[in-house]
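A look at the structure
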Amino acid sequence: MIKGAVFDMDGLMFDTENLTYKIWNEILTEKGYPYTFDIYKQTIGVRSAEVKAFYKNLYGSDFDYDKIKVEAMERFWEYTEKQGVPIKTGLFEILDYLKSKDIKIALATSTTAKSATEILTRAKVIDYFDRLICGDMVSKSKPDPEIFVTAVKEIGENPKDCIALEDSINGIKSAFGAGLKPIMVPDLIEPTEEIRPMLFALCKDLTEVKNLMDNG
């Protein structure tokens with residue numbers, strides 16, 4: 001019996017990975033840095049401190065990651081203020097379903113608490129969550145299991161009784177390592193042969209996750 005559900009955020013609940021890539025590509029191209037989707041993929045699901053180290057290693061120690069990140073966030077907030085947060089198919093359906101079954105809901109995102117809270121608020125889903133565990137609340141990022149271990153403890157459930165909803169390879173590894181039942185809903189990255197054995201289920205969208213749970 002499932003007693004808890006732990007959600008990733010970007011790419012899983014919201015179509016923010018595509019938007020973030022578009023913004024970073026615009027900024028770095030403007031500043032003369034070569035940038036590709038393959039470069040961006042290596043930063044998905046990774047905490048800010050590690051992303052910063054990645055970019056400095058790639059572009060050099062004088063790469064002003066902090067300044068560029070601020071500019072990227074300003075463009076992100078400007079877009080979502082005008083257009084709204086892009087919601088993934090089935091998000092409200094799965095959240096309503098979990099609430100109707102009294103299943104506890106937690107967030108496990110590499111995004112900072114400040115940004116995650118703002119995005120969830122703008123998307124009008126923050127009240128569904130019993131606990132928020134964010135990237136700046138843990139010492140290690142995915143694929144380390146720490147964030148999922150913490151999330152399950154916060155909602156007071158056993159990992160084996162919880163599903164983890166993820167779109168990234170690192171997220172699946174993190175959830176599996178923490179002992180949850182990982183469900184992958186791919187966004188920009190398809191499951192690899194390495195992680196397929198870790199999956200409890202593979203779903204095309206969150207509506208399919210809801211139907212999976214509804215059918216036992």
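In this text, all values refer to a predicted model and were calculated from it rather than measured experimentally.

1. Describing the packing of aromatic side chains
- Within this structure, the stated rule accounts for 17 aromatic pairs.
- Measuring from centroid to centroid gives 6.0 Å for Tyr 55 and Tyr 65, while their planes differ by 25 degrees, and the two rings are stacked. Placement of Tyr 55 in helix H3 (residues 48-59) and of Tyr 65 in helix H4 (residues 65-83) is noted, with a sequence separation of 10 residues between them.
- On the basis of relative accessible area, Tyr 55 is assigned to the buried category, the value being 2%.

2. Thoughts on the pattern of salt bridges
- Under the criterion given, the structure shown has 20 salt bridges.
- Among the ionic pairs, Lys 41 bridges to Asp 38, the shortest N-O distance being 3.6 Å. With a gap of 3 residues between them, Lys 41 and Asp 38 both fall in helix H2 (residues 37-41), about one helical turn apart.
- Judged by relative accessible area, which is 32%, Lys 41 ranks as partly exposed.
- Across the pair Lys 82 and Glu 78 runs a salt bridge, and its minimum N-O distance is 3.3 Å. Here the residue Lys 82 and the residue Glu 78 both occupy positions in helix H4, the gap between them amounting to 4 residues, near one helical turn.
- Exposure remark for Glu 78: the relative accessible area of 44% places this residue in the partly exposed category.
- By sharing partners, the salt bridges in this structure join Lys 22, Glu 26, Glu 30, Lys 31, Glu 71 and Arg 75 into a single network.

3. Re the sheet that holds strand S2 (residues 104-108)
- Pairing in this open sheet of 6 strands is parallel, and the strands run S3-S2-S1-S4-S5-S6 from one edge to the other. In this open sheet, the two strands that pair with only one neighbour each are strand S3 (131-133) and strand S6 (201-202).
- Strand direction decides the pairing type here: strand S1 (residues 4-7) and S2, joined by 4 bridges, are parallel. Residue pairing for S2: Phe 7 is matched across the bridge by Leu 107.
- The sheet contacts of helix H7 (residues 146-155) involve S1, S2, S3 and strand S4 (162-166), and relative to S2 the element is tilted by about 150 degrees.
- In this fold helix H8 (residues 169-177) packs onto S4 and strand S5 (181-184), with an angle of close to 165 degrees to the strand it touches most, S5.

Here is what the cut-offs are and how they apply
All residue numbers here refer to positions counted from 1 along the written sequence of the relevant chain. With the structure being a predicted model, the display of local features is reserved for residues of pLDDT at least 70 and the display and counting of side-chain atom pairs for 80 or more, all residues being used for whole-chain, interface and lining totals. Derived side-chain values reflect all non-hydrogen atoms in the structure, with water molecules and hydrogen atoms excluded from consideration. Planes of paired rings set the category: under 30 degrees apart is stacked, over 60 is edge-to-face and the rest tilted, where pairs are Phe, Tyr or Trp rings (Trp by its six-membered ring) whose centres lie within 6.5 Å. Under the scheme used here, helices are H or I runs from DSSP no shorter than 4 residues and strands are E runs no shorter than 2 residues, and both carry numbers assigned from the N terminus. The classification of residues rests on relative accessible area computed with a 1.4 Å probe and restricted to protein chains. Under 20% of the type maximum is buried, over 50% is exposed, and intermediate values are partly exposed. One side-chain nitrogen of Lys or Arg within 4 Å of one carboxyl oxygen of Asp or Glu is enough to make a salt bridge. Pairing between two strands requires that DSSP report at least two bridges joining them. By definition in these notes, contact holds between two residues if any of their heavy atoms fall within 4.5 Å. Angular values range over 0 to 180 degrees, each being the angle between N-to-C directions of two axes fitted as lines to C-alpha atoms, with helices fitted over their stretch in contact.

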